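Chains, contacts and geometry: an overview
Read off the chains here:
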Amino acid sequence: MSTVTPPIKPHHRPLPLKVGTRGSPLARAQTATFLGLLERFCPVLRDMPPVFEEHIIVTTGDAVQNRALAEIGGKGLFAKEIHESLAAGRIDFAVHSLKDLETVLPPGITLACTLKREDARDVLVLPPGHAPADPADPFAVLKKGARIGSASVRRQAQLKHARPDLEFALLRGNVGTRLAKIEAGELDATLLAYAGLRRLGLGDKASVVLSTEQMVPSACQGIVGITVRSDDVELRELLAAIEDPEAKAVATAERALLGALDGSCRTPIGGYARLLDDDRLHLTGLVARADGSFLLRRSATGSVADAEILGQELGLSLKADSPDDIFAP
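Thresholds, definitions, all that
- Residues numbered from 1 in each chain as written.
- Predicted model: local features only at pLDDT ≥ 70, side-chain atom pairs only at ≥ 80, totals over all residues.
- Heavy atoms only, no water.
- Core = buried A, V, L, I, M, F, W, Y, C linked by side-chain atoms within 4.5 Å.
- Buried < 20%, exposed > 50% of the residue type's maximum accessible area, 1.4 Å probe, protein only.
- Helix = DSSP H or I, 4+ residues; strand = E, 2+ residues; numbered from the N terminus.
- Contact = heavy atoms within 4.5 Å.
- Axes fitted to C-alpha atoms, helices over the stretch in contact; angles between N-to-C directions.
- Left-handed = near helix turned anticlockwise from the far one by under 90°.
- Nonpolar A, V, L, I, M, F, W, Y, C, P; charged D, E, K, R; others polar.
- Phe/Tyr/Trp six-rings, centres within 6.5 Å; stacked < 30°, edge-to-face > 60°.
- Lys NZ or Arg CZ within 6 Å of the ring centre and 35° of its normal.
- Expected span 1.5 Å × (residues − 1).
- Pairing = 2+ DSSP bridges.
- Arc of directions from axis to C-beta.
- Salt bridge = Lys/Arg side-chain N within 4 Å of Asp/Glu carboxyl O.

Here we come to the nonpolar core. Membership of the largest hydrophobic core comes to 33 residues, with the highest contact counts inside it found for Leu261, Leu281 and Leu318. The set of elements that each furnish at least two residues to this core consists of α4 (80-87), α9 (245-261), β11 (269-275), β12 (281-288) and α10 (307-320). Ranked by the residues each element gives to this core, the list is headed by α9, at 6 residues. Ignoring any residue separated from it by four or fewer positions in sequence, one finds Leu281 in contact with Ala249, Val250, Ala253, Ala273, Arg274, Leu275, Ala300, Thr301, Gly302, Ala307 and Leu310. One finds Leu17, Val95, Cys113 and Ile226 within the second-largest nonpolar core, a separate group that totals 22 residues.

Right under this line is the structure:
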């Protein structure tokens, strides 16, 4: 699938454009990359400082770090206050890690653009001086009863399925905070998104990069999404011109999978789509019980044009063959 993007034609609207973002180093790095991309493809913006005005928005998901997301309202809490600022006109568009964005957005808010996907895989992070890990059997490096820091039910369920002996402790916060706890030896390991480490220039902190077969990623992991007000036609046109078509296709399939499963943040769900050499779309979905005692992984292939249908059908197939208690509220 071609990803060549033509230059954006200039648009006429009051400047600066106000961009909303969370305040973490990763969120701001993603925002800087996005704004740089806009300037690259819209040359007229380069000579018109100040073009952008960054608005850092504290979300409930960021403010409450000592409780699991499921206890405080789910992953949508990473976007609630941003949506409110956008709807009220305090910002013009917002930058999100797409995996943290709800499947169904509030009325009047639209996902206008998806950017080229970073590496979607998860990584295992171990303390300094750890024993060498075998990439073919990476979890064998973890000692019996090792304490793993994680807040992700998806990661926990898959790791518990492979290693029921492991213990888990809640570990939230930005990437730097989590890395520091591992380096200090407070926990035996953690799991992080490789995309976040790479975007922060910390890719070398990954002890083992897990294949998507060893750990099915979160739906839309590694993709940055941009939201705008639905009635802002001019800005939607501007952003459509820089959308990465491959990211749009895989994100459409993965978000449709999530929508069909209709799981809560208590439900371990994974989804990963990729383009094959013949430009067909291959989608893998995963559903598990939080304690790892049940895990179902299934794949399907279809045309890019049918990305949404592919995701819906695979999601419904997984749900039909999974125990009802997995989807209990």
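So, on to the packing of α9 against α10. Between α9 and α10, the least distance of the axes is 7 Å, while the angle of their chain directions is 35°. Here α9 runs over α10; the crossing is right-handed. On the side of α9, the interface is formed by Ala249, Thr252, Ala253, Ala256, Leu257, Ala260 and Leu261, while α10 contributes Ala307, Glu308, Gly311, Gln312, Leu314, Gly315, Leu316, Leu318 and Lys319. Taken together, the residues that form the contact of α9 with α10 break down as 10 nonpolar, 4 polar and 2 charged.

Our focus in this paragraph is the environment of Asp306. Considering the arrangement of structural elements, one finds Asp306 in the loop between β13 (295-302) and α10. A relative accessible area of 38% places Asp306 in the partly exposed class.

Applying the stated criterion to the full structure yields 1 aromatic pair. Measuring from centroid to centroid gives 5.5 Å for Phe34 and Phe93, while their planes differ by 85°, and the two rings are edge-to-face. Of this pair, Phe34 sits in helix α1 (residues 25-41) while Phe93 is found in strand β3 (residues 93-97), placing the two residues 59 residues apart along the sequence. When sorted by exposure, Phe34 lands in the same class as Phe93, which is buried. Across from the ring centre of Tyr194, 5.4 Å away, lies the NZ or CZ of Arg198, which sits over that ring.

Right, let's get into α9. Along an α-helix, residues three or four apart share an orientation, since each turn contains 3.6 residues. With 17 residues, α9 should cover 24 Å at 1.5 Å per step; its first-to-last C-alpha distance of 25 Å lies within 8% of that length. Burial analysis of α9 places 12 of its 17 residues in the buried class, which makes it a mostly covered element. If you check which residues of α9 are buried, you get Ala247, Ala249, Val250, Ala251, Ala253, Glu254, Arg255, Ala256, Leu257, Leu258, Ala260 and Leu261. Elements that come into contact with the buried residues of α9 comprise β4 (109-114), β11, β12 and α10.

The next subject is the sheet that holds β11. Here we have 3 strands laid out as an open sheet, ordered β11-β12-β13, and antiparallel in their pairing. Both outer strands of the open sheet, β11 and β13, are each paired with one neighbouring strand and no more. The mean inter-strand angle of the sheet, taken between neighbouring strand axes irrespective of direction, is 15°. In this structure, β12 lies alongside β13, joined through 8 bridges in antiparallel fashion. Residue pairing across strands places Gly285 opposite Arg298, the latter belonging to β13. Helix-sheet contacts for α9 involve β11 and β12, and the interaxial angle to β11 is about 150°. Each of β12 and β13 touches α10; the most contacted strand, β12, lies at about 30° to it.

Turning to its location among the elements, Ser218 is positioned in the loop between β9 (208-209) and β10 (224-229). Here Ser218 falls in the buried class, since its relative accessible area comes to 14%.

Here we take up helix α8 (residues 233-240). Within the span of α8, buried status applies to Leu235, Leu238 and Leu239. Around the axis of α8, the buried residues are gathered within 95° of arc, so they sit on the same side. Buried residues along α8 sit against α1, β3, β4 and β10.

In total, this model carries 16 salt bridges according to the counting rule given. In this structure, Lys143 engages Asp188 in a salt bridge whose closest nitrogen and oxygen atoms are separated by 3.8 Å. A residue pair is termed long-range when its members are at least 10 positions apart, and Lys143 in the loop between β5 (122-125) and β6 (147-149) and Asp188 in the loop between α6 (175-183) and β8 (189-193) qualify at 45 residues.

Another point: the sheet that holds β6. Judged by pairing direction, the sheet is mixed, and its 5 strands sit side by side in the order β7-β6-β8-β5-β9 without closing on themselves. Where the open sheet ends on each side, the last strands, each with one partner, are β7 (167-169) and β9. Where helix α5 (residues 153-162) meets the sheet, its contacts fall on β5, β6, β7 and β8, and the angle it forms with β8 comes to roughly 130°. Each of β5 and β8 touches α6; the most contacted strand, β8, lies at about 155° to it.

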